[in-house]
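# Structural overview for review
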Amino acid sequence: MLISQDDRLSFEKSKPGRRAIRLPEERYSGEDPLKNIPQGLLRQTSIGFPELGELDVVRHFINLSRKNFSVDTHFYPLGSCTMKYNPKVNEWAARQEKFTALHPLQDATTTQGMLQILWELEEYLKEISGMDRFTLQPAAGAHGELTGMMLVRAYHASRGGSTRTKVLVPDSSHGTNPASAALFGYHVVEIKSDSHGCVDLEDLKQHLDEHVACLMLTNPNTLGLFEKNILEITKLVHQHGGLLYYDGANLNPLLGIARPGDMGFDIIHINLHKTFSTPHGGGGPGSGPVGVKKHLMPFLPGPLMERTKKGYAWASPSPQSIGRVKLFHGNVGVMIRAYVYLRVLGKEGLRKVSEAAILNANYMKEMLKDVFKVATEGPCMHEFVLSLKSFVAQGVHAGDVGKRLLDFGFHAPTVHFPLVVPEALMIEPTETEARETLDLFIEAMKEIALEIATDPERVKTAPHTLPVRRPDDVLAARKPILSYRDQVREKVLLAEAVA
Ligand SMILES: *Cc1c(COP(=O)(O)O)cnc(C)c1O
């Protein structure tokens, strides 16, 4: 394997002395600013960054970005993790210097506007979810779950319930749920799904006893189904002294329609970066506010905000608080985006978001159900799951169909999740996609089904049109190549080994 001309062109453009900008040599008229750094700590050799003109840098990064998929360039029908379009006005607002130049330690009298935004955001979240109070600190959904587990333990401990060591999660749950409970030392017990894909009530009853601390649930669940027995489920768990945690990652189809607080949940997290429109993927930053009912309020992380005659202020934390879970006030930039998104849409707009998300998902499901097996019966909420089990005979797996979709210009849906569906392909179109886009995707899926019948190799070896085709995911995780130099070195070594 040789280093292709393309790699050299993309990655080795450095020429000694090239610069994008030149700063005046004599910037400091006074003392040498480096004077006080001890000699031994001063770098003796150049750091070795590439030396390039501005235009070379611009082209390099723009060209790399054009090899990528994003919501701004391609339809992104990822399931479970709502990846929807993030209106640019939110970005504009979060970038305003009036926000970015604030310091979290500034005296609250000088940041009243910012505090008002956080206060009102909390009010909106309370109204949307039916909870009594929120902490805005957690930085993501998983962080909210961990915070939730800390609240569960603090609550039971305050009532002498230290023998409550079990957390129940359905087998269709997102991996972060059992992981968060286990990380906090809980014993995780899996609850089966029934033949319709909802919580199996009989199996739940089997596991309910005085050791249950909590049941974690996402509703609609990861199959895109609303748990129709939700009131029965929350009643049963409460009767046995357990709490109910709502994983809010799938809140997108419920806005203005139903509230977790009314379903009987005690603690919830909301992924602002999913439902309320912040770009995500690639590691954040996110925001996972955690809301609770009254009986859990004393345990919330502090400080919480209060509104006094003199304005907004941070109240002193309750003595029973679990303490801070994040520095300062959390990822405020994400909160500003969520706030603007909510203000722009308003009450009716929000409900339309959910209605359109549900309509789009059901439209696609109906259009695909004659060609692909839908894993569940009846209407879905914001997402649905196909089972591609019947294609395994041709050697084609769900992951292959995901790869082939890339050639048609679509980001791959979630594949092989939820684990309860063999060869799962999970589709969530979201509310912002036009009918034409949905139709193009449906057409592509049907064409792929035809290919599987006539030329399965074409699907198994996809993608055919992208610069990166089938990376070895295991190797990529074990031996990550984190710098372009590693990549060039790796190729030289390989070329030598082959020669
Ligand atoms: C995304 C997701 C989570 C985790 O949220 P993060 O913000 O990514 O930490 C939990 N549950 C479900 C169902 C999700 O889709």
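### Some thoughts on the sheet that holds strand E10 (residues 373–374)
Taken in spatial order, the four strands of this open sheet run E10-E11-E13-E12, and their pairing is antiparallel. Two strands lie at the open edges of the sheet, namely E10 and strand E12 (414–415), each paired on one side alone. Where E10 meets strand E11 (residues 384–387), two bridges bridge the pair, whose relative direction is antiparallel. When the bridges of E11 are listed, Lys-373 appears paired with Ser-387. Strands in contact with helix H13 (residues 398–407) are E12 and strand E13 (424–427); relative to E13, the strand with the most contacts, it is inclined by about 45°.

### Considerations on the pairing of strand E4 (residues 212–217)
The element E4 is largely enclosed, with a buried count of six among its six residues. Where strand E2 (residues 166–170) lies against E4, three bridges are found, and the strand directions are parallel. Its bridge partner being in E4, Leu-168 is matched across the sheet by Leu-215. Across four bridges, E4 lies against strand E5 (residues 243–247) in parallel orientation. Bridge pairing links Leu-217 to Tyr-246 in E5.

### Observations concerning the nonpolar core
In globular proteins that are soluble, nonpolar side chains generally tend to be buried together. Within the largest apolar cluster, 53 residues are counted, with the highest numbers of intra-cluster contacts made by Leu-121, Leu-204, Leu-272 and Phe-276. Those elements that place two or more of their residues in this core are helix H3 (88–95), helix H5 (112–129), strand E3 (187–191), helix H8 (201–207), E4, helix H9 (230–239), E5 and helix H12 (332–368). In terms of residue count, the dominant contributor to this core is H12 (twelve residues). Sequence-distant contacts of Leu-121, that is, excluding residues within four places in its chain, are made with Leu-136, Leu-272, Met-335, Ala-338, Tyr-339 and Leu-342. Within the second largest apolar cluster, 28 residues are counted, among which are Leu-368, Leu-388, Val-401 and Met-445.

### Some details on the sheet that holds E3
The mixed open sheet is built from seven strands, whose spatial order is E1-E7-E6-E5-E4-E2-E3. Where the open sheet ends on each side, the last strands, each with one partner, are strand E1 (133–135) and E3. Taken pair by pair, the neighbouring strands of this sheet meet at an average axis angle of 25°, ignoring direction. The strands that helix H6 (residues 141–158) touches are E2, E4, E5, strand E6 (267–269) and strand E7 (290–292); relative to E5, the one it contacts most, it runs at about 170°.

### Description of the domain arrangement of the protein chain
When the domains of the protein chain are assigned, the result is domain 1 (89–345) and domain 2 (354–475). Measuring from the centre of the C-alpha atoms in domain 1 to the corresponding centre in domain 2 gives 31 Å. Listed by partner, the interface residues are 19 residues for domain 1 and 20 residues for domain 2. Buried area between domain 1 and domain 2, both sides added, is near 1,500 Å², and the carbon and sulfur share of it is 62%. Here domain 1 is connected to domain 2 by zero salt bridges. Viewed at the interface, domain 2 and domain 1 are joined by six residue pairs in polar contact (both at pLDDT 80 or more).

### Re the packing of H3 against H12
If you want to describe how two helices pack, look at the angle between their axes and the distance between the axes. Contact pair H3 / H12: the axes reach a minimum separation of 8 Å and the direction vectors enclose 135°. The angle between the axes of H3 and H12 places the two elements in the oblique class. You can see that H3 and H12 cross each other, and the crossing is right-handed. Here Val-89, Asn-90, Glu-91, Ala-93 and Ala-94 of H3 come into contact with H12, specifically with Gly-333, Ile-336, Arg-337, Val-340, Tyr-341 and Val-344. Here the residues of the contact of H3 with H12 are counted per class, giving seven nonpolar, two polar and two charged.

### A few points about H12
A turn of α-helix holds 3.6 residues, and therefore any two residues three or four places apart point the same way. The terminal C-alpha atoms of H12, which comprises 37 residues, lie only 41 Å apart, well short of the 54 Å expected from a rise of 1.5 Å per residue. The largest bend along H12 measures about 100° and falls at Gly-346.

### Regarding empty space enclosed by the protein
Under the criterion given, the structure shown has four cavities of 30 Å³ or more. Space inside the largest cavity adds up to approximately 140 Å³. Lining the largest cavity are 14 residues, and of these Thr-135, Leu-136, Pro-303, Leu-304 and Trp-314 sit closest to its centre. Those elements that place two or more of their residues in the lining of the largest cavity are H5 and E1. When its residues are assigned to classes, the lining of the largest cavity shows nine nonpolar, three polar and two charged.

### Re the packing of aromatic side chains
Per the counting criterion, the structure on display carries ten aromatic pairs. A centroid spacing of 6.4 Å and a plane angle of 55° characterise the contact between Phe-276 and Tyr-341, whose relative ring orientation is tilted. With Phe-276 in the loop between helix H11 (272–275) and E7 and Tyr-341 in helix H12, this residue pair connects regions lying 65 residues apart in the sequence. Arranged with centres 5.8 Å apart and planes meeting at 65°, the rings of Phe-372 and Phe-391 form a pair that is edge-to-face. Separated by 19 residues along the polypeptide, Phe-372 in the loop between H12 and E10 and Phe-391 in the loop between E11 and H13 bring together distant segments of the chain. Grouping aromatic residues by their ring pairs yields a cluster made of Phe-75, Phe-410 and Phe-441.

### A word on the side chain of Arg-164
Within the secondary structure layout, Arg-164 lies in the loop between H6 and E2. Of the side chains with opposite charge, Asp-209 lies nearest to the buried Arg-164, which makes no salt bridge, at 6.3 Å. Polar contacts involving the side chain of Arg-164 include one to the main-chain carbonyl oxygen of Val-212, which spans 2.6 Å. At 3.0 Å, the side chain of Arg-164 forms a polar contact with the backbone oxygen of His-240. Non-local contacts of Arg-164, meaning those with residues more than four positions away in its chain, are made with His-156, Tyr-186, Asp-209, Glu-210, His-211, Val-212, Ala-213, His-240, Gly-241 and Gly-242.

How each quantity is defined
- Residues numbered from 1 in each chain as written.
- Predicted model: local features only at pLDDT ≥ 70, side-chain atom pairs only at ≥ 80, totals over all residues.
- Heavy atoms only, no water.
- Pairing = 2+ DSSP bridges.
- Helix = DSSP H or I, 4+ residues; strand = E, 2+ residues; numbered from the N terminus.
- Contact = heavy atoms within 4.5 Å.
- Axes fitted to C-alpha atoms, helices over the stretch in contact; angles between N-to-C directions.
- Buried < 20%, exposed > 50% of the residue type's maximum accessible area, 1.4 Å probe, protein only.
- Core = buried A, V, L, I, M, F, W, Y, C linked by side-chain atoms within 4.5 Å.
- Domains from an automatic or database assignment.
- Buried area = accessible area lost by both parts, 1.4 Å probe.
- Salt bridge = Lys/Arg side-chain N within 4 Å of Asp/Glu carboxyl O.
- Polar contact = N/O pair within 3.5 Å; in protein donor to acceptor, adjacent residues only side chain to side chain.
- Parallel < 35°, antiparallel > 145°, perpendicular 65-115°, else oblique.
- Left-handed = near helix turned anticlockwise from the far one by under 90°.
- Nonpolar A, V, L, I, M, F, W, Y, C, P; charged D, E, K, R; others polar.
- Expected span 1.5 Å × (residues − 1).
- Bend = angle between axes of the 7 residues up to and from the residue.
- 1 Å grid on protein atoms, 1.4 Å probe; cavity = no way out; pocket = protein on both sides within 12 Å on 5 of 7 lines; lining within 4 Å.
- Points joined across faces, edges and corners; volume = space filled by probe spheres on them.
- Phe/Tyr/Trp six-rings, centres within 6.5 Å; stacked < 30°, edge-to-face > 60°.
- Lys, Arg positive; Asp, Glu negative; His and termini not counted.

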